[in-house]
Amino acid sequence: MAGKTKAAGALEAYRREIISDGIEQRIAELSEAVAAYEANRADRKAQERELASRQERDEDAVLAAFEEAKAAGAKPSALANIGLRPETALASARARTSKKNPAPASGSDAVSAIGDATQGGASSTGDTPAPVDADRSLAEQSA
């Protein structure tokens, strides 16, 4: 046992001889800085995941509210004109929805899926903005 103690003491003496106190201090500071960096990096990743999750929930809520407004009779072009048609949020939510519920690609279902996809932005559902002149003539007619 005395041999191990003597060897440990010799190793410690060797370390002190090779590594100065200044280097040890800098290594300790570096170690603390790396630990703080790693902790912040992990925290940032967790925050990014939470923000992405919140954004998806908000996009889904926007899509649901937009579809409900359309079903109640709101004109998508009018909603767009007043800033209530955020295309990016709607497109993201629709893409997620289509990934979760892919349309069948065979038989008569394929035809209806294609029809549904083309009608999403078609004038038959009122999704495309009406020309300005048409909007004015409608406003003039109802005035």
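Our structure's up above, just so we're on the same page.
So, a few notes on the structure that sits alongside this text. Quick caveat: nothing in here was measured; it's all calculated off a predicted structure.

A word on helix α2 (residues 21–71)
Over its 51 residues, α2 runs 75 Å from end to end, which matches the ideal 75 Å to within 8%, given 1.5 Å per residue. Within α2, the full set of buried residues consists of Glu59, Leu63, Phe66 and Lys70. Immediately downstream of α2, the backbone of glycine 73 shows phi near 115°, a positive value.

Description of the pattern of salt bridges
Tallied over the full model, the rule gives 10 salt bridges. We note a salt bridge from glutamate 38 to arginine 41, for which the minimum N-O separation is 3.9 Å. Residue glutamate 38 and its partner arginine 41 are both found in helix α2; the two are separated by 3 residues, about one turn of the helix. What makes glutamate 38 partly exposed here is its relative accessible area of 39%. Residue arginine 41 is classed as partly exposed on the basis of its relative accessible area of 39%. In this structure, arginine 96 engages glutamate 59 in a salt bridge whose closest nitrogen and oxygen atoms are separated by 3.0 Å. Pair noted here: arginine 96 is in helix α4 (residues 87–100) and glutamate 59 is in helix α2, with a separation of 37 residues, a long-range link. Neither residue differs from the other here; arginine 96 and glutamate 59 are each classed as buried.

Criteria and thresholds
- Residues numbered from 1 in each chain as written.
- Predicted model: local features only at pLDDT ≥ 70, side-chain atom pairs only at ≥ 80, totals over all residues.
- Heavy atoms only, no water.
- Helix = DSSP H or I, 4+ residues; strand = E, 2+ residues; numbered from the N terminus.
- Expected span 1.5 Å × (residues − 1).
- Buried < 20%, exposed > 50% of the residue type's maximum accessible area, 1.4 Å probe, protein only.
- Salt bridge = Lys/Arg side-chain N within 4 Å of Asp/Glu carboxyl O.

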